[in-house]
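# Observations on the model geometry
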Amino acid sequence: MHNTDLLTRSRSAVWHPCTQMKRHETLPLVPIQRGSGVWLYDFDGKRYLDAVSSWWVNLFGHSNPRINAAIVDQLGKLEHVMLAGFTHEPVVLLSEKLRELAPTGLGHCFYGSDGASATEIALKMSAHYWRNNNQPEKTQFISLQNSYHGETLGALSVTDVALFKDAYGALIFQNATVPSPDSRNAEPGESAEDFATRCAAQLEAHLQQHHSHIAAFIIEPLVQGAAGMAMYHPSYLARARELCELYQIHFIADEIAVGMGRTGNLFACEQANITPDFLLLSKGITGGYLPLSVVMTTDIIYQTFYDDDIARAFLHSHSYTGNPLACRAALATLDIFAADDVLNNNRIKAAYLNDLAIKLREHNKVKNFRNTGMIWAFEVASAHSDIAQRCFTLALEHELLLRPMGNTVYFMPPYVISENETDFLIEQTLQIINLLG
């Protein structure tokens, strides 16, 4: 098979996500035959360095032999069994392991299929908790401006990205937003920490007025992905946690994109030394192999549903909840973290890229170069309104997979990226910026 063969068939049969399909009349899809490490290969032998980890999911490279082996082993034992009324070893082991690793106090895991599912679960669970606790009026939620928590209807109600949300406004329960502590918005001379403190004061003002009807505050810790990799000081998380406790609001940490080592710690909340009421995980939890999401919550919340009355139970399910194959992939991913001292090695890799990126940081078209853990981002000045598309196309020509958001270019590579591959990433990115015009 060649690229052209698959392109024709895909356009004929597949409706691709987050895409205006008409664009593919002039902008071809990128057909991928196989992957290895940080590289993806098409049917004609061209390669692309996956600098965005295939929508932020891949941690340890494509076709990782250890994750492959775990899934193959599980295939010979049990592919799936429903988790309602049944259990199996991989889901128990994974739940126990996550309880050991997560911030203290998160005792139970509830499983879904993807990130948006985790958001839906947490929102429903929070509101149901207050109903079980004789406070049924607490049904509203708040989130940060420019937040993203998924694209199902409940998740969209706490998402603040117009491109995803506007078409469905009539279907969505509208919730309030509070100012984002995105450090790009700080006043000249104002530190990221001082700006975070100022934004936290605005959160407090909102809670003072509306707390009696608010069930939860949902937040992407440290980095708001769809906001253009908006990064902020961890002191905001610490203060927000205090305020949620003060005003009896649940704190939902959406670590779907930023968990599993992306921000430098296994969980982003660790940098603020806090335990949320709900911790949401997906994307990297299986190393980018299989759909899985996890909602971790406290024993206090769990016990509020523990009752003889069926109506007090959390009656939510997905057909593939806690799938054994996905759980084995997740367990293999956690094993790699432990065996390879991944977090410390990532700090070395991040320091290497930051040293190498001095020319990029100082480029006259680049501003707001920033880094948190294994996430980098910067804005590029260009006279072209279609800068994201131009950058994406030029990147493919330079053997890179980049997927800019507006004029924000970001790197979120698999953790197995080597120094030579990092050199290639920076060198090619510089060439692309020079060609953007």
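To be clear, the structure that these remarks concern was listed above.
As for its placement among the helices and strands, His62 is situated in the loop between helix 2 (53–56) and helix 3 (65–75). At 2.9 Å, the side chain of His62 forms a polar contact with the side chain of Asp50. Setting aside residues no more than four positions away along its own chain, His62 makes contact with Gly35, Ser36, Gly37, Trp39, Leu40, Asp50 and Ser54.

A word on the packing of helix 12 (residues 342–356) against helix 15 (residues 419–436). Interhelical geometry of helix 12 versus helix 15 gives an angle of 35° and a closest axis separation of 10 Å. Along this stretch, helix 12 crosses helix 15, giving a crossing that reads as right-handed. Facing Tyr352, Leu353 and Leu356 of helix 12, the residues of helix 15 in contact are Glu419, Thr422, Asp423, Leu425 and Ile426. Residue classes in the contact of helix 12 with helix 15 are distributed as five nonpolar, one polar and two charged.

Let us now look at helix 3. Three or more residues of helix 3 are buried, namely Ile67, Ala70, Ile71 and Gln74. Axial view of helix 3: buried residues confined to an arc of 95°, hence all on one face. Across from the buried face of helix 3, at angles greater than 90 degrees, the exposed residues are Pro65, Val72 and Leu75. Buried residues along helix 3 sit in contact with helix 4 (89–101) and helix 11 (324–339). Residue Asn64 occupies the N-cap position of helix 3, its side-chain oxygen lying 3.0 Å from the main-chain nitrogen of Arg66.

Turning our attention to helix 8 (residues 192–210). Look at helix 8: 27 Å from first C-alpha to last across 19 residues, which is about the 27 Å you get at 1.5 Å a residue. Among all positions of helix 8, only Phe195, Ala196, Cys199, Ala200, Leu203, His206 and Leu207 are buried. Down the axis of helix 8, the sector holding all buried residues measures 140°, keeping them to one side. Looking at the buried residues of helix 8, the elements they touch are strand 5 (140–144), strand 6 (176–178), strand 7 (214–219) and helix 9 (235–246).

Throughout the structure, instances matching the rule amount to 14 aromatic pairs. Here the aromatic rings of Phe60 and Phe337 are separated by 5.2 Å at their centres, their planes lie at 75°, and the arrangement is edge-to-face. Remark: Phe337 occurs in helix 11 and Phe60 occurs in the loop between helix 2 and helix 3; sequence separation between them is 277 residues. Judged by relative accessible area, Phe60 falls into the buried class, the value being 5%. For Phe337, a relative accessible area of 10% puts it in the buried group.

Counting buried residues along strand 7, six of its six residues qualify, which places the element largely inside the surrounding structure. Across four bridges, strand 7 lies against strand 10 (residues 250–254) in parallel orientation. Within the sheet, the bridge partner assigned to Ile219 lies in strand 10 and is Ala253.

Attention now goes to the environment of Trp39. Of note, Trp39 is situated in strand 2 (residues 39–41). The buried category is assigned to Trp39, whose relative accessible area is 7%. Measuring from C-alpha to C-alpha, the distance between Trp39 and Leu49 comes to 4.7 Å, with 10 residues separating the pair along the chain. Once you skip the residues sitting within four places of it in the chain, Trp39 turns out to touch Arg34, Arg47, Tyr48, Leu49, His62, Glu399, Glu421 and Phe424. Engagement of the side chain of Trp39 in a polar contact is seen with the side chain of Glu421, the distance being 3.0 Å.

In space, the four strands of this open sheet follow the order 1-2-3-15, with mixed pairing throughout. Across the chains shown, the open sheet's two edge strands, defined by having one partner strand only, are strand 1 (34–36) and strand 15 (400–401). Of the pairings in the sheet, the one linking strand 2 to strand 3 (residues 47–50) comprises three bridges and is antiparallel in character. Its bridge partner lying in strand 3, Leu40 is registered against Tyr48.

For the rest of this paragraph, the subject is a nonpolar patch on the surface. Taken together, Leu153, Tyr168 and Leu171 make up a surface patch of nonpolar side chains, about 310 Å² in accessible area. Here Tyr168 is to be found in the loop between helix 7 (162–165) and strand 6. With relative accessibility at 41%, the residue Tyr168 sits in the partly exposed group.

Rules used in this analysis
- Residues numbered from 1 in each chain as written.
- Predicted model: local features only at pLDDT ≥ 70, side-chain atom pairs only at ≥ 80, totals over all residues.
- Heavy atoms only, no water.
- Helix = DSSP H or I, 4+ residues; strand = E, 2+ residues; numbered from the N terminus.
- Polar contact = N/O pair within 3.5 Å; in protein donor to acceptor, adjacent residues only side chain to side chain.
- Contact = heavy atoms within 4.5 Å.
- Axes fitted to C-alpha atoms, helices over the stretch in contact; angles between N-to-C directions.
- Left-handed = near helix turned anticlockwise from the far one by under 90°.
- Nonpolar A, V, L, I, M, F, W, Y, C, P; charged D, E, K, R; others polar.
- Buried < 20%, exposed > 50% of the residue type's maximum accessible area, 1.4 Å probe, protein only.
- Arc of directions from axis to C-beta.
- Expected span 1.5 Å × (residues − 1).
- Phe/Tyr/Trp six-rings, centres within 6.5 Å; stacked < 30°, edge-to-face > 60°.
- Pairing = 2+ DSSP bridges.
- Patch = residues over 30% accessible without salt bridge, like charges linked within 9 Å, V, L, I, M, F, W, Y side chains within 5 Å.
- Areas by Shrake-Rupley, 256 points an atom, 1.4 Å probe, with all protein chains shown as cover.
- Salt bridge = Lys/Arg side-chain N within 4 Å of Asp/Glu carboxyl O.

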